[in-house]
Amino acid sequence: MSHSTFIQRSVRSPSLRFLVIFCAAALLGFAVEVIPWVDEHLVKPFIAGLAWMSGMLIRLAGGVAEVSYDIIRNPLNGFAIKIANGCSGLEVAILLAAGMLAFPASWHQRALGWIAGVMAIMSLNVVRVISLYYIGQYSRSWFDWAHLYAWDVLIMIDGMVVLFLWIRWLPPYQRLPDARLAA
Amino acid sequence: MPALPRDLFRLWLILLIVWLVPLYAAWWWLGWAEWVLRVLRGLGNIALPPVFNQGVSEILLQADQSWKVRTGLVTENSNPSEMAVFFIEKPFLLHIIMGFPLLWALLLATPGHLLKRLIWGTLLLVALYLLGIAGHMWAMITVMVNHQPSVMDETLVPPLFRVSAVPYPLWMFHLSGFVHYLTVLILPLISPVLIWLLLCPRGVMRLVVSIRRRIR
């Protein structure tokens, strides 16, 4: 298939168009995220904020936690977790933005959906950090399981559900040219 | 167009979670993950040495299930000359291949030709995760050859020894860091979803259509 044929097919096929725009937008978002200036001035302070918020909630609930930038530590037993890049929820927020960009909607609808979606993802991410802080003190193998599998998958599913709910929230179709695909 | 059940999305979500639980349990506790790692190591031993030339000669399995990657790069000041090696820890490998149960659950929750999709999806994911492991190896090799830490991942630091090799240009060093970031943080999560979209376009479209409030 030539380049022009592929582009024509992508423009006509909604699924392919979605995939192409989604991948391009996500790649651009990740490229911006790893720019050293962005990492230093936006990502790292954001992660520190996430650690501070998690520590504050733990203390509010009667727990013990000391926060030092991106590290949450229990002074009673020395256990500590460090929130690394990739545990901030920003990656799923970028994927959500790419998904909303690839789906036909107005910029206003996308902005509203993204803000609400990011709040949902970040809320769940705070729960993830707090739960990992406690699970890690209980069992190393359970911590690995929750850290490597359970929470990553849950956050990803959260992102997908947010995207679907946003699609549901969008105004009804004027025309539905792709309905035949659903048949 | 057949009538779409209004609660199709809810049904799909419940099915997804119902499938995820036993699949991840089997993946973690019944040793499915180790079995997939064995397949990937075998494929890696065939595919990666020609791709990396001197960078990868052989992938060996350690007692703790981590991988020891033997390179063709000679360490400096070694007499007799020694080939450099690097290690990939098992938890790291498990993280890279974490998406298999998610892909299977997504495919099982979406109606269609299950067996065909499961086979194709698994094969595609094996290929993508092998690419992910290759991306990680490339970043390890560039860090080792240039003898400087990755700018994008503070955990990627050079070993104590140096190797006799021409350093990579700066742009390639940065590119390998970005590829590493994508393959380690993004690929494990997004590839099952992308493969699901690719293999079940009608199922996904049906799902999207069913969740819209009014359809003309």
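Preceding this section is the structure that the text describes.
What you see is a predicted model, and the numbers here were worked out from it, not measured in a lab.

### Considering the sheet that holds strand E1 (residues 66-68) of chain A
In any sheet, the strands associate via hydrogen bonds between backbone groups, in a parallel or an antiparallel arrangement. Residues and elements named next belong to chain A. Within the open sheet, the 3 strands sit side by side as E1-E2-E3. Their pairing is antiparallel. A strand with exactly one partner marks an edge of an open sheet, and here the two such strands are E1 and strand E3 (80-82). Put simply, the sheet's adjacent strands are angled 15° from each other on average, direction ignored.

### Brief notes about the interface of chain B and chain A
With 45 residues of chain B at the contact, the number on the chain A side is 46 residues. Across the chain B/chain A interface, buried area totals approximately 4,300 Å², and carbon plus sulfur atoms make up 75% of it. On the chain B side of the contact with chain A, Trp28, Met205 and Arg212 of chain B bury the most area, a combined 15% of that side's loss. Connecting chain B to chain A are 2 residue pairs in polar contact (both at pLDDT 80 or more). Elements represented by at least two residues in the side of chain B that touches chain A include exactly helix H1 (8-29), helix H3 (90-96), helix H4 (100-109), helix H6 (170-199) and helix H7 (201-211) of chain B.

### Some words on the sheet that holds strand E2 (residues 67-74) of chain B
Residue and element names in this part refer to chain B. Strand order in the open sheet made by the 3 strands is E1-E2-E3, with antiparallel pairing throughout. For this open sheet the edge positions go to strand E1 (58-61) and strand E3 (83-88), each flanked by a neighbour on one side alone. Each strand axis lies, on average, 30° off the axis of its neighbour in the sheet, ignoring direction. With 4 bridges joining them, E1 and E2 adopt antiparallel strand pairing. Across the sheet, residue Glu58 finds its bridge partner in E2, namely Arg70. Helix-sheet contacts for helix H2 (residues 32-52) involve E1 and E2, and the interaxial angle to E1 is about 160°. Packing of helix H5 (residues 114-146) onto the sheet brings it into contact with E1, E2 and E3, and relative to E3 it is tilted by some 135°.

### Some points on empty space enclosed by the protein
All names here are of chain B. Scanning the entire structure with this criterion turns up 1 cavity of 30 Å³ or more. Looking at the largest cavity, the residues that line it are Glu34, Leu37, Arg38, Arg41, Leu61, Gln65 and Trp67. Counting residues per element, the lining of the largest cavity draws most heavily on H2, which supplies 4 residues.

### Quick look at the packing of helix H6 (residues 140-169) of chain A against H1 of chain B
Remark: H6 of chain A packs on H1 of chain B, axes separated minimally by 12 Å, with the N-to-C direction vectors making an angle of 165°. The angle between the axes of H6 of chain A and H1 of chain B places the two elements in the roughly antiparallel class. Both H6 of chain A and H1 of chain B take part in a crossing whose hand is right-handed. On H1 of chain B, the residues that touch Ser141, Trp142, Asp144, Trp145, Tyr149, Val153, Ile157, Met160, Val161, Phe164 and Leu165 of chain A of H6 of chain A are Phe9, Trp12, Leu13, Leu16, Leu20, Tyr24, Trp27, Trp28 and Trp29 of chain B. When the residues that make up the contact of H6 of chain A with H1 of chain B are grouped by side-chain class, the tally is 18 nonpolar, 1 polar and 1 charged.

About the criteria used
Residues numbered from 1 in each chain as written. Chains lettered and ligands numbered in written order. Predicted model: local features only at pLDDT ≥ 70, side-chain atom pairs only at ≥ 80, totals over all residues. Heavy atoms only, no water. Pairing = 2+ DSSP bridges. Helix = DSSP H or I, 4+ residues; strand = E, 2+ residues; numbered from the N terminus. Axes fitted to C-alpha atoms, helices over the stretch in contact; angles between N-to-C directions. Contact = heavy atoms within 4.5 Å. Buried area = accessible area lost by both parts, 1.4 Å probe. Polar contact = N/O pair within 3.5 Å; in protein donor to acceptor, adjacent residues only side chain to side chain. 1 Å grid on protein atoms, 1.4 Å probe; cavity = no way out; pocket = protein on both sides within 12 Å on 5 of 7 lines; lining within 4 Å. Points joined across faces, edges and corners; volume = space filled by probe spheres on them. Parallel < 35°, antiparallel > 145°, perpendicular 65-115°, else oblique. Left-handed = near helix turned anticlockwise from the far one by under 90°. Nonpolar A, V, L, I, M, F, W, Y, C, P; charged D, E, K, R; others polar.

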